[in-house]
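# Structure at a glance
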Amino acid sequence: MPTAQDNTIVDLFVIGGGINGCGIARDAAGRGLSVELAEMNDLASATSSASTKLFHGGLRYLEYFEFRLVREALIERETLLRAMPHISWPMRFVLPYHKDMRFEGETPTSKLLNVVMPWMKGRRPAWLIRLGLFLYDHLGGREVLPGTRSLDLHTDPAGRVLKDKFQRAFEYSDCWIEDSRLVILNARDAQARGATIRTRTRVVSAERHEDGLWLIRTEDRTTGEMHETRARALVNAGGPWVKDVIQNTLRQNSSEGVRLVRGSHIVTRKLYDHDKCYFFQGQDGRIIFAIPYETDFTLIGTTDAEHSDVSAAPECTPEEAEYLCRFASEYFRTPVTPDDIVWSYSGVRPLYDDGAKSATAATRDYVLTLDDRGGAPLLNVFGGKITTYRKLAEAAMARIAPFFQGADRDWTAGVALPGGDFAVDGAEQLTADLRRAYPFLDAYWAGRLIRAYGTEAAVMLGDAQAAEDLGPDFGATLTGREVRWMMQHEYARSAEDVVWRRTRLGLRMSAEQIAALEAWMGSAARDDSATTPARDSAALRA
């Protein structure tokens, strides 16, 4: 097929439509740079939709003395919370304590205590956990989130589902985040600021030319059409494929390595009735979370396992599922069994290879490398965690900005993502307002729409007077109008995009319902107006 050539030159071309790529694209577009982003699949189709879905400082990283990473993440929690209160909200975490809890053997803290307190034999003393939580409360400062407190599990409701041996616990704050929607909204905001977002577009090659520009060749994976773009700078935010992009797309040598670590999660029936999360410490020194999920379920994870082949799709293995069930059953009064599992998912975390002995010990910090040979800069992005994606984007732009006049102004802190222009504690009122405006919505339906679209939920519903006005009913409160919104404004092209990334309604829908949705989307996609994302936020309110 002939290659389409574009005579225009973009300032920045971004490879990768995960949270780091979309975050960088948004930041760069907001600084006035012309930006193009290419993602070979759907946005957030890999690591960025398979997280534990938390904005958190990383309490356990304190045991590795990663104070800068933890402090940056703690500060970011509230910065991000203010910018996206529809898809992020505060949660309280209950950390039950028992005298036999142990460290992961390779942490610097465990090694230090083995020297100064050898009689502890690797156990975590309560005072050390309390010290860690004190640092957690004060390293980043708090204005919105409440601090740590102690719980008597004999009297507190959080203790009812736990085994009797757990008599005390600590309760602290972190935040939930709808990870896939975070990526989508960053991409939308980037596009509203002038960026071009291309999904299902594979970067075939990228090479520096003598004119000081990058020549990037891409392939539309749907049509097979080839396209050439010239760019003044290139960002490789390929996530798990960052090393593959360097070696096989850019055809360069690099001393930096990436360590692929698979994290698997299970989703079970609802295991308890309150809205708090649990932080469980295992006999092997690892930790997992148990989190209320999608109203009627519980999310449990994660594992840390080496993943050697980036081309192999990550899956939660039976062994990992059994491990998570067994781990949770050490705490819950009623054992968690594989029969309780309704869904599982797994993602590959592309950690910077710092030579750590275990996957658990590998750093979660990000590393940026800049290569400006030939005058056309290349920035490679290694590692990172979802909580610090915005700071990573700022750090990336700090490396890129010197190549562009007037691009050195940070601007994203606290700037609302689409639909997030309301108070941190305003979701309940917004939900009530939506129900008054659209009386046919029940509490669950209205709450789900606010938690997905925020102030844009009413824009999406438009002039509907009854549920029938919203088009086909695919089940689980998903309607044709909402799906069309996702196709027009959120780059959705398949049923999987809709029910497993932009929503998690696949948990509530049958295979037949999902197949009917796929067929309807295929028909709707033949209407060009249903598949062209809106150019800016103003268009969404027209």
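Up top you'll find the structure we're talking about.
Here goes a summary of the coordinates provided. Here the structure is a predicted model, which means the values were calculated and not measured. (Residues numbered from 1 in each chain as written. Predicted model: local features only at pLDDT ≥ 70, side-chain atom pairs only at ≥ 80, totals over all residues. Heavy atoms only, no water.)

## Observations concerning the packing of helix H10 (residues 443-453) against helix H12 (residues 480-489)
In plain terms, the rule: Axes, fitted as lines to C-alpha atoms, cover a helix only where it is in contact. Angles between the N-to-C directions of the axes lie from 0 to 180 degrees. For helices the rule is a DSSP run of H or I covering at least 4 residues; for strands it is a run of E covering at least 2, with both sets numbered from the N terminus onward. In this scheme, roughly parallel covers angles under 35 degrees and roughly antiparallel covers those over 145, while 65 to 115 is roughly perpendicular and the rest are oblique. A contact between two residues is defined here by any heavy atoms of the two lying within 4.5 Å.
The N-to-C vectors of H10 and H12 enclose an angle of 5°; their axes lie 14 Å apart at closest approach. The pairing of H10 with H12 is recorded here as roughly parallel in orientation. Contact residues: Arg-448, Leu-449 and Tyr-453 in H10; Glu-482, Trp-485 and Met-486 in H12.

## What to know about the packing of helix H1 (residues 19-30) against helix H5 (residues 179-192)
In a pair of packed helices, the angle between the axes and the distance between the axes together describe the arrangement. How we decide: Left-handed describes a crossing in which the near helix is turned anticlockwise from the far one by less than a right angle; the clockwise case is right-handed. Throughout this entry, Asp, Glu, Lys and Arg are counted as charged residues, while Ala, Val, Leu, Ile, Met, Phe, Trp, Tyr, Cys and Pro are counted as nonpolar. The remaining residues, Gly among them, count as polar.
Contact geometry of H1 with H5 gives a least axis separation of 8 Å together with a crossing angle of 25°. Taken as axis vectors, H1 and H5 run roughly parallel relative to one another. Seen along the crossing, H1 lies across H5 with a hand that is left-handed. Contacts from Ile-19, Cys-22, Gly-23, Ala-25, Arg-26 and Ala-29 of H1 reach H5 at Leu-182, Val-183, Asn-186, Ala-187, Asp-189 and Ala-190. For the contact of H1 with H5, the class distribution of residues is eight nonpolar, two polar and two charged.

## Some words on H10
The criterion, for reference: Between buried and exposed lies partly exposed: a residue is buried under 20% and exposed over 50% of the maximum accessible area for its type, with that area taken using a 1.4 Å probe on protein chains only. Any N or O atom pair separated by 3.5 Å or less is treated as a polar contact, with the protein-specific requirement of one donor-capable and one acceptor-capable atom, and with residues adjacent in sequence counted only for side-chain atom pairs.
Of all eleven residues in H10, eight are buried; the element is thus mostly enclosed. Residues of H10 that are buried include every one of Trp-445, Ala-446, Gly-447, Arg-448, Leu-449, Ile-450, Ala-452 and Tyr-453, and no others. Taken together, the buried residues of H10 touch H5, helix H9 (427-437), helix H11 (457-461), strand S20 (478-479) and H12. The N-terminus of H10 is capped by Asp-442, whose side-chain oxygen sits 3.3 Å from the backbone nitrogen of Tyr-444.

## Considering the packing of aromatic side chains
Think of a pair of aromatic rings as described by two things: how far the centres are apart, and how the planes are tilted against each other in angle. Selection criterion: Side-chain rings of Phe, Tyr and Trp, where Trp is taken by its six-membered ring, are said to pair if the distance between their centres is within 6.5 Å; with planes under 30 degrees apart they count as stacked, over 60 as edge-to-face, and otherwise as tilted. Any Lys NZ or Arg CZ that is within 6 Å of a ring centre and within 35 degrees of that ring's normal is treated as a charge sitting over the ring.
Following the criterion strictly, the structure yields 22 aromatic pairs and no others. Measuring from ring centre to ring centre gives 4.1 Å for Phe-280 and Tyr-331, while their planes differ by 10°; the resulting arrangement is stacked. Taken together, the residues span a long stretch of sequence, with Phe-280 in strand S12 (residues 277-281) and Tyr-331 in the loop between helix H7 (318-329) and strand S16 (341-352) at a distance of 51 residues. There is no split in this pair, since Phe-280 and Tyr-331 are both buried. Geometrically, the ring pair formed by Trp-343 and Tyr-345 is tilted, given 5.2 Å between the ring centres and 35° between the ring planes. Across the pair, Tyr-345 and Trp-343 agree in class, each one buried. A cation over a ring is seen here: Arg-68 above Tyr-366, with NZ or CZ 5.8 Å from the ring centre.

Function cannot be read off these values alone, since they describe shape.
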